[in-house]
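# Topology and contacts: notes
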Amino acid sequence: MSAPTPPRSEFVGGLYAVAPLALGSIPFGLIYGVLAVKAGLSPELAIAVSAIVFAGSAQFMITQLVTAGTPGLLIVVSVMTINLRHALYSADLARKLAHLSPAWKSILAYLLTDEAYAATLARFADPAPAPHRHWHLLGAGLGLWLVWQASSVAGVLLGGRIPAGWSLEFAGTLTFIAIVVPLLRDRAILVAMATAGLVAVAAHAFPYKLAVIAAAAAGIAAGLALDPRGVR
Amino acid sequence: MSLWVVMLAAGVMTFVIRLSFIGTAGRFDASPWFARALRFVPAAALSALVWPDLVVIDGALALAQPRLVAGLVAAGVAWRSRNILLTIGCGMLSLWLMQWLQVFM
């Protein structure tokens, strides 16, 4: 029986695990920063949002909603809608982190992004006892956090210098396409996506991008109705 | 409401979502119904964001336009490669090429 991996090794392991994902996030941080400035956020606020919200796709959506003049409450509801998937990660990790103090749980929850969750999946799936593996999640979460903050600051500084003719805001749309296409795994998801898209286009004249929330709700309902696992 | 307050609220709610099950560890499990609904959330929400960007110009439906073509190219690349950066690169290049050649003008 070998001794459990010490905290420092777990932490460094987490940094290594997240490194490729963190590198991949650099262009998105840059693009976010550029779009946030173009949307009219002050540089200070644009940078602060990366630390306050710390969620890439939600931050891209924020830039779109602010550009459209969406009221604050709707922005908050839209961010919640798009970040709801993090509740799944939270549910998955809950038992494995149950022994930690509230402070530890809060820090790890703040750092719980798509990337950190993906990077630590393998470590948390290992059945061998590992009392310090929350340090692994801390390393992955903190590594991504630092890279994300640095790249969005760089994007904000670049923001004003990119001409409008480059249509860079379209990069936000393309990011969503790149994330959503691989989600197409079965017919129910396809129907959910098609329904949401149709409703969003049909309702595009609704003020303040309200169509997004209506369309997401319609898509989720359609998907549930067709779920191959049936309604329980 | 100032945008700072809005962003703080969005951040707090994101944190609450992430803390949800971790913070109440062991006392609640995600109900199967809730987990099934969550599965559709990212697909539906992102699709709702993408389509109007591809087919609506200045509040009017417009199918013959470079963004729809560039978006479909990007979707094809995303399907084949599963690579986010390659998808963005191919989509932007198609858009710029069509704008430069003035394909839809």
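No experiment lies behind these values; they were computed from the predicted model shown.

Parameters at a glance
Residues numbered from 1 in each chain as written. Chains lettered and ligands numbered in written order. Predicted model: local features only at pLDDT ≥ 70, side-chain atom pairs only at ≥ 80, totals over all residues. Heavy atoms only, no water. Axes fitted to C-alpha atoms, helices over the stretch in contact; angles between N-to-C directions. Helix = DSSP H or I, 4+ residues; strand = E, 2+ residues; numbered from the N terminus. Parallel < 35°, antiparallel > 145°, perpendicular 65-115°, else oblique. Left-handed = near helix turned anticlockwise from the far one by under 90°. Contact = heavy atoms within 4.5 Å. Domains from an automatic or database assignment. 1 Å grid on protein atoms, 1.4 Å probe; cavity = no way out; pocket = protein on both sides within 12 Å on 5 of 7 lines; lining within 4 Å. Points joined across faces, edges and corners; volume = space filled by probe spheres on them. Nonpolar A, V, L, I, M, F, W, Y, C, P; charged D, E, K, R; others polar. Phe/Tyr/Trp six-rings, centres within 6.5 Å; stacked < 30°, edge-to-face > 60°. Lys NZ or Arg CZ within 6 Å of the ring centre and 35° of its normal. pLDDT = per-residue confidence, 0-100. Salt bridge = Lys/Arg side-chain N within 4 Å of Asp/Glu carboxyl O. Buried < 20%, exposed > 50% of the residue type's maximum accessible area, 1.4 Å probe, protein only. Expected span 1.5 Å × (residues − 1). Buried area = accessible area lost by both parts, 1.4 Å probe. Polar contact = N/O pair within 3.5 Å; in protein donor to acceptor, adjacent residues only side chain to side chain.

### Comments concerning the packing of helix H1 (residues 7-38) of chain A against helix H3 (residues 56-67) of chain A
Residues and elements named next belong to chain A. Relative orientation of the contacting elements H1 and H3 amounts to 20 degrees, with a least axis distance of 9 Å. Viewed along their axes, H1 and H3 adopt a mutual orientation that is roughly parallel. Crossing of H1 over H3 shows left-handed handedness. The residues of H3 that touch H1, namely those facing Phe28, Ile31, Tyr32, Leu35 and Ala36, are Gln59, Phe60 and Thr63.

### Some remarks on the domain arrangement of chain B
Split into domains, chain B comes out as domain 1 (1-30) and domain 2 (41-105). Averaged C-alpha coordinates put domain 1 of chain B and domain 2 of chain B at centres separated by 32 Å.

### Things to note about the layout of surface pockets
Unoccupied space between atoms shows up once a probe the size of one water molecule is rolled over them. A volume near 980 Å³ is recorded for the largest pocket. Forming the walls of the largest pocket are 36 residues, and the residues nearest its centre are Arg85, Tyr89, Asp114, Glu115 and Ile179 of chain A. For the lining of the largest pocket, the elements supplying multiple residues, two or more each, are H1, H3, helix H5 (85-93), helix H7 (114-125), helix H8 (134-159) and helix H9 (170-180) of chain A together with helix H2 (32-55) of chain B. Tallied by class, residues from the lining of the largest pocket come to 22 nonpolar, 7 polar and 7 charged.

### Examining the packing of aromatic side chains
Enumeration according to the criterion identifies 5 aromatic pairs over all chains in this entry. Ring centres of Phe54 of chain A and Tyr110 of chain A lie 5.9 Å apart, and the angle between their planes is 35 degrees; on these two criteria the pair is classed as tilted. In this pair, Phe54 of chain A is assigned in the loop between helix H2 (43-52) and H3 and Tyr110 of chain A in helix H6 (residues 102-110), connecting sequence segments 56 residues apart. Judged by centre distance (5.1 Å) and plane angle (75 degrees), the rings of Trp104 of chain A and Trp135 of chain A are edge-to-face. In this pair, Trp104 of chain A is assigned in helix H6 and Trp135 of chain A in helix H8, connecting sequence segments 31 residues apart. Chaining the aromatic ring pairs together yields one cluster made of Phe11, Trp104 and Trp135 of chain A. Above the face of the Trp79 of chain B ring, Arg82 of chain B is positioned so that its terminal group lies 4.6 Å from the ring centre.

### Observations regarding the confidence of the model for chain B
Per-residue pLDDT for chain B has a mean of 88; in total, 93% of the residues score no lower than 70. Across chain B, the secondary-structure element scoring lowest on mean pLDDT is H2 of chain B, at 85, and the one scoring highest is helix H3 (residues 66-81) of chain B, at 96.

### Side note on the pattern of salt bridges
All told, the structure shown has 5 salt bridges over all chains when counted by the stated rule. Between Arg39 of chain B and Asp186 of chain A there is a salt bridge, with its nearest N and O atoms 3.0 Å apart. Pair noted here: Arg39 of chain B is in helix H2 and Asp186 of chain A is in the loop between H9 and helix H10 (187-202), and the two residues belong to different chains. Accessibility expressed as a relative area gives 17% for Arg39 of chain B, which makes it buried.

### Comments concerning the packing of H6 of chain A against H8 of chain A
How two helices sit against one another is set out by the angle between their axes and by the gap between those axes. All names here are of chain A. Closest axis-to-axis distance for the H6/H8 pair is 9 Å, and the angle between their directions is 40 degrees. Comparing the axis directions of H6 and H8 gives the class oblique. Handedness of the crossing formed by H6 with H8: left-handed. Here Trp104, Ile107, Leu108 and Tyr110 of H6 lie close against H8, whose contacting residues are His134, Trp135, Leu137, Leu138 and Trp145. Among the residues forming the contact of H6 with H8, the class breakdown is 8 nonpolar, 1 polar and no charged.

### Regarding H3 of chain A
Residue and element names in this part refer to chain A. With 12 residues, H3 should reach 16 Å at 1.5 Å per residue; the first-to-last C-alpha distance of 17 Å fits that figure. Buried residues dominate H3, accounting for 10 of its 12 residues. Inspection of H3 places Ser57, Ala58, Gln59, Phe60, Met61, Ile62, Thr63, Gln64, Leu65 and Val66 among the buried residues, and these make up the whole buried set. One or two residues past the end of H3 sits Gly69, with phi positive at roughly 70 degrees.

### Comments concerning the environment of Pro6 of chain A
Considering the arrangement of structural elements, one finds Pro6 of chain A in the segment before H1. Taking the C-alpha atoms as reference points, Pro6 of chain A and Ala130 of chain A, separated by 124 residues in sequence, lie 8.9 Å from one another.

### Some words on the interface of chain B and chain A
Note on interface size: it is often stated as the accessible area lost on association of the parts. Between chain B and chain A, the residue contacts involve 67 residues of the former and 85 residues of the latter. For the pair chain B and chain A, the two sides together bury roughly 6700 Å², of which 77% comes from carbon and sulfur. Where chain B meets chain A, there are 3 salt bridges. Applying the counting rule to chain B against chain A returns 17 residue pairs in polar contact (both at pLDDT 80 or more). Looking at the side of chain B that touches chain A, the elements that each hand over two or more residues are helix H1 (3-23), H2, strand S2 (60-61), H3 and helix H4 (84-101) of chain B. It is H2 of chain B that provides the largest number of residues to the side of chain B that touches chain A, a total of 23 residues. Partitioned by chemical class, the residues of the side of chain B that touches chain A number 49 nonpolar, 11 polar and 7 charged.

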